[in-house]
Amino acid sequence: MIGVVVLVISQDKFKHVLAQIPSFLILLLSKKKKSKKERNKMAAMTLRDVRMRIQTEDPLYYGQKKLKIQGRDLMNLPKALFKLMDLEVLDLSPEREPGLNFRLASVPPSIGKLINLSTLIIDTNELEVVPVEITLLTNLERLALSNNQLTTLPSGFNRLKKLTSLHLANNEFEKFPAEICDLTQLTFLDLSDNKLRVLPKSIAMLKKLETLLLFYNELTKLPNTIKKMTDLRCLWLGNNKITFLPQGFGYLTKLDWKERYTSSTLDGNPILSPPIEICRMGPEAIERFQGVGPNIDKANKETTQKKTNGFTNTSPEGNKGISSKTHSTSSLNASNSTQEEEKSPRSVAKRSPRRANVNGAN
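Residues numbered from 1 in each chain as written. Predicted model: local features only at pLDDT ≥ 70, side-chain atom pairs only at ≥ 80, totals over all residues. Heavy atoms only, no water.

S.K.: Would you take a moment to explain the overall build of the protein chain for this structure?
M.R.: Counting its secondary structure elements, the protein chain contains nine helices and eight strands. Considering the protein chain as a whole, with its 362 residues, one finds that 36% of them fall into the buried category. Sequence-distant contacts in the protein chain: of pairs separated by 6 or more residues, those separated by 24 or more amount to 39%. In the structure as shown, the protein chain presents an accessible area of about 22000 Å², 55% of it carried by carbon and sulfur atoms. (Helix = DSSP H or I, 4+ residues; strand = E, 2+ residues; numbered from the N terminus. Buried < 20%, exposed > 50% of the residue type's maximum accessible area, 1.4 Å probe, protein only. Contact = heavy atoms within 4.5 Å. Areas by Shrake-Rupley, 256 points an atom, 1.4 Å probe, with all protein chains shown as cover.)

S.K.: Looking at this structure, how should I read the nonpolar core?
M.R.: Soluble globular proteins tend to pack their nonpolar side chains together in the buried interior. Formed by 68 residues in total, the largest nonpolar core has its most connected members in Leu 90, Leu 120, Leu 143, Ile 180, Phe 249 and Trp 257. If we ignore the near neighbours within four places in the chain, the residues touching Leu 143 are Leu 120, Ile 134, Phe 157, Leu 160, Leu 163, Ser 165, Leu 166 and His 167. (Core = buried A, V, L, I, M, F, W, Y, C linked by side-chain atoms within 4.5 Å.)

S.K.: Can you walk me through the pattern of salt bridges in this structure?
M.R.: It is possible for side chains of opposite charge to pair when their charged atoms get near one another. The tally for this structure, following the rule as stated, stands at 10 salt bridges. Linking Arg 103 and Glu 126 is a salt bridge whose minimum nitrogen-to-oxygen distance equals 3.3 Å. Placement of Arg 103 in the loop between strand S2 (89-91) and strand S3 (119-121) and of Glu 126 in the loop between S3 and strand S4 (142-144) is noted, with a sequence separation of 23 residues between them. Given the relative accessible area of 42%, Glu 126 is considered partly exposed. Between Arg 280 and Asp 267 there is a salt bridge, with the nearest N and O atoms lying 3.3 Å from each other. One end of the pair, Arg 280, is in the loop between helix H4 (276-279) and helix H5 (283-290); the other, Asp 267, is in the loop between helix H3 (257-260) and H4, with 13 residues separating them in the sequence. A relative accessible area of 38% means that Arg 280 is categorised as partly exposed. Connected through shared salt-bridge partners, Arg 51, Lys 65 and Asp 86 make up one network. (Salt bridge = Lys/Arg side-chain N within 4 Å of Asp/Glu carboxyl O.)

S.K.: Would you mind going over the side chain of Ser 146 with me for this structure?
M.R.: Assignment of secondary structure puts Ser 146 in the loop between S4 and strand S5 (165-167). Setting aside anything within four residues of it in sequence, one finds Ser 146 in contact with Asp 123, Thr 124, His 167, Leu 168, Ala 169 and Asn 171.

S.K.: Help me understand the side chain of Asp 91, please; the structure alone is not making it clear to me.
M.R.: Along the chain, Asp 91 turns up in strand S2. Residue Asp 91 is classed as buried on the basis of its relative accessible area of 8%. A distance of 2.6 Å separates a polar atom in the side chain of Asp 91 from a polar atom in the side chain of Ser 93. Residues contacting Asp 91, with those up to four places away along its chain left out, are Lys 66, Leu 67, Lys 68, Ile 69 and Ile 121. (Polar contact = N/O pair within 3.5 Å; in protein donor to acceptor, adjacent residues only side chain to side chain.)

S.K.: Help me understand H5, please; the structure alone is not making it clear to me.
M.R.: Because an α-helix completes one turn every 3.6 residues, residues spaced three or four positions apart along the sequence face the same direction. Along H5, the positions that sit buried rather than exposed are Pro 283, Ala 285, Ile 286, Glu 287 and Gln 290. Downstream of H5 by a residue or two, Gly 291 has a phi angle that is positive, lying close to 75°.

S.K.: Help me understand the environment of Glu 128, please; the structure alone is not making it clear to me.
M.R.: In this fold, Glu 128 is placed in the loop between S3 and S4. On the basis of relative accessibility, which here comes to 55%, the residue Glu 128 falls in the exposed class. Taking the C-alpha atoms as reference points, Glu 128 and Glu 172, 44 residues apart in sequence, are found 9.0 Å from one another. Sequence-distant contacts of Glu 128, defined by excluding residues within four places in its chain, comprise Gln 149, Leu 150 and Thr 151.

S.K.: When you look at the environment of Asn 101 in this model, what are you seeing that I'm missing?
M.R.: In this structure, Asn 101 sits in the loop between S2 and S3. With 24 residues separating them along the chain, Asn 101 and Asn 125 place their C-alpha atoms 9.8 Å apart.

S.K.: What is the right way to look at unusual backbone geometry in this model?
M.R.: Residues apart from glycine generally show negative phi values, whereas peptide bonds are mostly found in trans. In this structure, the amide linkage connecting Ser 273 to the following residue, Pro 274, adopts the cis form with an omega of -10°. Within the secondary structure, Pro 274 sits in the loop between H3 and H4. Backbone geometry places Glu 126, a non-glycine residue, at a positive phi of 60°.

S.K.: Explain the packing of aromatic side chains here, please?
M.R.: Describing an aromatic ring pair means giving the distance of the ring centres and the angle of the ring planes. Across all of its chains, the model carries three aromatic pairs by this definition. Each ring, one from Phe 215 and one from Tyr 216, has its centre 5.9 Å from the other, and the planes form 65°; the classification is edge-to-face. On the accessibility criterion, Tyr 216 (46% relative accessible area) is partly exposed. Residues Phe 249 and Trp 257 carry aromatic rings whose centres are separated by 5.3 Å and whose planes lie at 40° to one another, so their mutual orientation is tilted. (Phe/Tyr/Trp six-rings, centres within 6.5 Å; stacked < 30°, edge-to-face > 60°.)

This is the structure:
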């Protein structure tokens, strides 16, 4: 009897489910149809339609022609987009919260046609590669590729000579992209949260770099050449495997470690030399600990200069005038003495030959 009751209940539920299936399918199909229709509509947008979306009053890029595409539109970019030859700022990153389900599957090679772009933002798309055509955008000044799955940069990336800001955080880089070292106009570089183990010595070629973010990597040491990057103001090395700072680190006098030290600066490393307490005090403290740096060089130079000046004052060249005066005085005394001796025969008889020779030599 119990089994019969259960069977009856199960049948009722089954009937209820069956009754709901048509409406569910209709809803699902309508959503799918609507989504496909929206994508097609976006792809079919005319050049005029796309231009209507351009902004020029963004406070970060005021006066520049900016276009932001987000949400579902990212899944099917309009072909007309790549005809906007005068576009200066292009943002293809999804919104942080609701839009994360809609990402750019890949960057179309047609991106290389937008030759007047100065800013390109394509972060948070889980991209594994970037097309080589991006290297045709030689007017780029800012490029954001963070929060993807990149392991390398495309060949010819060093053509982007005008780049001043490069964002590559939270990717899968195990090797420092060598092409970056040729971008000598860079002032900002973010490679935090990757898998870097070594920095190349050639990183010192980035002489204009002011901000270098490398926290959350696997670095074990820094190249000695880093001391040549004297324009560095912000250097974050936290959460790596660094045990010591290279000699001459104190030459980085502009570092804000003393004024704005944060946990991202150096904490999270097994640092031994200098001790972390010294590092937190800034470049001058590091210089005093290592015994190498600009202030010490200056003090040594002043000491050497003083010694050189002292040597010059006691050298034959420095005493030339004094020697001449002494010689003249000695000659005059010798002459007067001779005249007196000529007047006095007794003096001639008692004159010492050795004394005469000495006076003669002077």
